[in-house]
Amino acid sequence: MPTVPVADLKDGDFLLDVREDDEWKAGHAAGALHIPISEFVARYGELTEAAPQDGRVHVICRSGGRSAQVTMYLAQQGVDAVNVDGGMQVWEAAGRPVVTDDGTPGHVL
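The shown structure was predicted, so the numbers you read here are calculated from the model rather than taken from an experiment. (Residues numbered from 1 in each chain as written. Predicted model: local features only at pLDDT ≥ 70, side-chain atom pairs only at ≥ 80, totals over all residues. Heavy atoms only, no water.)

*Asks:* Outline the overall build of the protein chain, listing residues and values.
*Replies:* In terms of regular secondary structure, the protein chain is built from four helices and five strands. In sequence order, the protein chain lays out its α and β elements as β-β-α-β-α-β-α-β-α. The buried share of the protein chain, reckoned over its 109 residues, is 43%. Taking all contacts inside the protein chain whose residues are at least 6 apart in sequence as the whole, residues at least 24 apart take part in 61%. Per element, the accessible surface of the protein chain, about 5,700 Å² overall, is 50% carbon and sulfur. (Helix = DSSP H or I, 4+ residues; strand = E, 2+ residues; numbered from the N terminus. Buried < 20%, exposed > 50% of the residue type's maximum accessible area, 1.4 Å probe, protein only. Contact = heavy atoms within 4.5 Å. Areas by Shrake-Rupley, 256 points an atom, 1.4 Å probe, with all protein chains shown as cover.)

*Asks:* For the pattern of salt bridges, give the residues involved together with the corresponding values.
*Replies:* Inspection of every chain in the model, using the stated rule, returns five salt bridges. Counted as one network, the salt bridges with shared partners bring together E39, R43 and E46. (Salt bridge = Lys/Arg side-chain N within 4 Å of Asp/Glu carboxyl O.)

*Asks:* Residues and numbers for the nonpolar core, please.
*Replies:* Core analysis: the largest hydrophobic core is formed by 15 residues, its most contacted members being L16, F40, L47, V57, V59, V70 and L74. Mapped by element, the contributors of at least two residues to this core are strand 2 (14–17), helix 2 (44–50), strand 4 (57–60) and helix 3 (65–76). With near-sequence residues (within four places) excluded, F40 lies in contact with L16, I35, L47, V70, Y73 and L74. Counting residues in each nonpolar core, the second largest holds 14 residues, with A32, V84, V98 and V108 among its members. (Core = buried A, V, L, I, M, F, W, Y, C linked by side-chain atoms within 4.5 Å.)

*Asks:* Run through the sheet that holds strand 4, naming residues and quoting values.
*Replies:* Note on sheets: strands pair through backbone hydrogen bonds, and any given pair is parallel or antiparallel. Taking strand neighbours across the sheet as the criterion, the five strands line up as 1-5-4-2-3 in an open arrangement whose pairing is parallel. Two strands bound the open sheet, and with one partner strand each, they are strand 1 (3–5) and strand 3 (33–34). Examined bridge by bridge, strand 2 and strand 4 share four bridges and lie parallel to one another. Considered in strand 4, the bridge of L15 is made with H58. (Pairing = 2+ DSSP bridges.)

*Asks:* Provide a residue-level description of the UniProt feature "domain: Rhodanese" (unreviewed entry) in the protein chain, including the pertinent values.
*Replies:* UniProt's feature table lists "domain: Rhodanese" (unreviewed entry) at residues 9–100, given in the numbering used throughout. Secondary structure across residues 9–100 divides into 35% helix and 16% strand, with the first and last C-alpha atoms of the span separated by 20 Å. (UniProt positions renumbered as here; feature names shortened; annotations may be inferred.)

Shown next, in the form of structure tokens:
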């Protein structure tokens with residue numbers, strides 16, 4: 001399973017958040033695309049429209065389990081996808097910004 005540490009992510013990297021709606025609303029990485037894992041297959045087209053054509057998709061959840069499942073699925077579809085090791089918990093612990101939909105500071109559930 002291809003993984004990447006939070007520390008290796010750069011501004012502008014494409015981030016796909018697969019957590020559920022309540023987790024997203026509490027706080028997420030600014031600029032991430034949100035498609036909950038429970039809706040992922042049905043909403044797959046949203047990812048293909050938003051993701052960079054020849055770029056990498058960095059998949060994140062709370063701790064890395066759900067994002068690992070989505071990363072494996074994307075790899076099977078031929079997408080260059082990597083799982084963000086430790087998920088949003090490590091993101092927040094590393095001091096990366098976590099925001100709500102209106103841009104105010106958020107937190108990880």
